[in-house]
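Chain by chain, the residues:
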Amino acid sequence: MTRPTILINFAISADGKISTVNRDPSQFTSAHDHKRLLTIRKQADALLVGRGTLEADNMSMTIPAEMRPARQPLRCIASRLGTFDLKHRVFQSSGGALHLLVTEPPEGYDPAPLEALGATIHLCSLEEFLRILFDDYGVKKLLCEGGGSLVRSLADLAAIDEVHLTWAAHTLFGGEDAPTITGGLNSHLPTSLTFELTHFEPLENGECFLSYHRTQPEP
Ligand SMILES: NC(=O)c1ccc[n+]([C@@H]2O[C@H](COP(=O)([O-])OP(=O)(O)OC[C@H]3O[C@@H](n4cnc5c(N)ncnc54)[C@H](OP(=O)(O)O)[C@@H]3O)[C@@H](O)[C@H]2O)c1
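What you see is a predicted model, and the numbers here were worked out from it, not measured in a lab.

Can you lay out the overall build of the chain for me, pointing to particular residues and giving the numbers?
In terms of regular secondary structure, the chain is built from six helices and nine strands. Here the chain has a C-alpha radius of gyration of 17 Å; the compact-globule value for 219 residues is 17 Å, and the two agree. Principal-axis analysis of the C-alpha atoms gives the chain an extent of 50 × 40 × 35 Å. Residue pairs in contact within the chain that sit at least 24 positions apart in sequence constitute 69% of those at least 6 positions apart. Counting every atom, the chain has about 10900 Å² of accessible surface; 51% of that belongs to carbon and sulfur. Positive and negative side-chain charges in the chain, numbering 19 and 27 respectively, have mean positions lying 5 Å apart.

Put into structure tokens, the structure is as follows:
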């Protein structure tokens with residue numbers, strides 16, 4: 001599969017959850033966590049989120065000017081049906097070029113209003129989208145910032161190379177239906193993915209930065 005190197009970044013609670021049962025915005029972490037996210041963002045040629053995360057977290061998907069980014073990464077948003085809110089902050093803020101993936105457009109789907117906002121619309125599969133980003137837009141490194149549903153799709157494709165976590169041990173959500181980094185815990189991946197721990201950094205504030213790198217080649 002032709003694709004960029006794919007990183008994912010999440011904050012997880014003590015019990016490994018990325019949000020609440022109701023998919024509320026994840027506000028349980030700290031300024032340290034936010035700074036680390038921005039540092040990882042700076043390495044990326046493109047950012048990718050699911051529409052659920054874009055809306056829950058009201059994201060603009062940019063790197064603040066004070067961090068002096070060499071350039072803003074592409075802003076990629078995945079949707080099955082393509083029902084984007086044209087008034088969303090991401091369409092009103094300046095930043096990297098917007099690339100919207102729509103994998104299951106309804107009949108007669110009209111991308112023109114989104115194109116009028118400067119976005120490029122890709123009507124294709126997630127796998128094909130990753131290839132296009134690599135081949136046509138020079139995206140070598142892509143950071144997926146969630147949510148669990150989208151990362152589950154990447155995991156199904158065995159398309160995850162690095163996992164970066166802020167383990168927020170000070171927060172215990174509980175609730176077996178709260179999502180994890182690969183969404184709900186109701187089914188297995190088609191094949192196991194193996195990672196090794198490459199970074200372990202406990203902080204004074206009850207959080208711990210963790211990084212894992214993939215150890216096995218793609219099937
Ligand atoms: N703790 C953290 O670090 C962290 C990070 C990210 C998110 N979160 C939390 O996670 C929650 C959102 O989770 P979620 O699972 O609902 O979010 P999500 O994966 O961001 O969004 C789900 C939506 O994304 C689109 N999508 C997902 N997989 C797709 C695929 N394979 N192809 C095309 N489109 C796809 C679909 O959009 P359509 O409905 O438009 O078809 C789907 O409904 C929020 O509470 C957020 O705060 C936490």
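How would you summarise helix 5 (residues 126–137) if you had to cite specific residues and measurements?
Look at helix 5: 15 Å from first C-alpha to last across 12 residues, which is about the 16 Å you get at 1.5 Å a residue. For helix 5, the complete set of buried residues consists of L126, F129, L130, I132 and L133. Buried residues of helix 5, seen end-on, are gathered within an arc of 160° and therefore sit on one face of the element.

Quick rundown of the nonpolar core? Include the residues and the values.
L48, L142, C144 and L154 are the most contacted members of the largest nonpolar core, which has 32 residues in total. For this core, the secondary structure elements donating two or more residues are strand 1 (5–13), strand 2 (46–50), strand 3 (74–79), helix 5, strand 6 (141–144), helix 6 (148–156), strand 7 (162–168) and strand 9 (207–214). Ranked by the residues each element gives to this core, the list is headed by helix 5, at five residues. In this structure, L48 is in contact with M61, C76, I77, A78, F129, L142, L143, C144, E145, G146 and L150, ignoring residues within four places of it in sequence. Counting 20 residues, the second largest nonpolar core, distinct from the first, contains L54, F84, L98 and L114.

Got a sec to walk through unusual backbone geometry? Specific residues and values, please.
Of note, the amide linkage connecting G146 to G147 takes the cis form, showing an omega dihedral of 0°. Note on placement: G147 falls in the loop between strand 6 and helix 6. Despite not being glycine, A158 has its phi angle at roughly 55°, a positive value. Residue position: A158 is located in the loop between helix 6 and strand 7.

Tell me about helix 6, and please be specific about residues and values.
Taken across its nine residues, helix 6 has seven buried, putting it largely inside the fold. Along helix 6, the residues that are buried comprise G148, L150, V151, R152, S153, L154 and A155. Those residues of helix 6 hidden inside the fold are in contact with strand 1, strand 2, strand 3, helix 5 and strand 6. Immediately beyond the C-terminal end of helix 6, within one or two residues, lies A158, with a positive phi of roughly 55°.

Could you give an account of the sheet that holds strand 5 (residues 120–123), with specific residues and numbers?
Strands pair in a sheet through their backbones, by hydrogen bonds, and they do so in one of two ways: parallel or antiparallel. With mixed pairing, nine strands are arranged side by side in an open sheet as 5-4-3-2-6-1-7-9-8. Both edges of this open sheet fall to strand 5 and strand 8 (195–202), since each of them pairs with a single strand only. Sheet twist, expressed as the mean angle between neighbouring strand axes with direction ignored, is 20°. Judged from the three bridges that link them, strand 2 and strand 6 form a sheet pairing that is parallel.

Any details on the environment of T39? Residues and values, ideally.
Turning to its location among the elements, T39 is positioned in helix 1 (residues 31–43). Between the C-alpha atoms of T39 and P69, which are 30 residues apart in sequence, the distance is 9.8 Å.

Requested: an account of the pattern of salt bridges, with residues and values cited.
Scanning all chains against the criterion turns up eight salt bridges. Two residues, R41 and E145, come together in a salt bridge whose shortest N-O distance is 2.7 Å. Of this pair, R41 sits in helix 1 while E145 sits in the loop between strand 6 and helix 6, and the two are 104 residues apart along the sequence. Residue R41 is classed as buried on the basis of its relative accessible area of 7%.

Parameters and conventions
Residues numbered from 1 in each chain as written. Predicted model: local features only at pLDDT ≥ 70, side-chain atom pairs only at ≥ 80, totals over all residues. Heavy atoms only, no water. Helix = DSSP H or I, 4+ residues; strand = E, 2+ residues; numbered from the N terminus. Rg over C-alpha atoms; globule rule 2.2 N^0.38 Å. Contact = heavy atoms within 4.5 Å. Areas by Shrake-Rupley, 256 points an atom, 1.4 Å probe, with all protein chains shown as cover. Lys, Arg positive; Asp, Glu negative; His and termini not counted. Charge placed at Lys NZ, Arg CZ, Asp CG, Glu CD. Expected span 1.5 Å × (residues − 1). Buried < 20%, exposed > 50% of the residue type's maximum accessible area, 1.4 Å probe, protein only. Arc of directions from axis to C-beta. Core = buried A, V, L, I, M, F, W, Y, C linked by side-chain atoms within 4.5 Å. Pairing = 2+ DSSP bridges. Axes fitted to C-alpha atoms, helices over the stretch in contact; angles between N-to-C directions. Salt bridge = Lys/Arg side-chain N within 4 Å of Asp/Glu carboxyl O.

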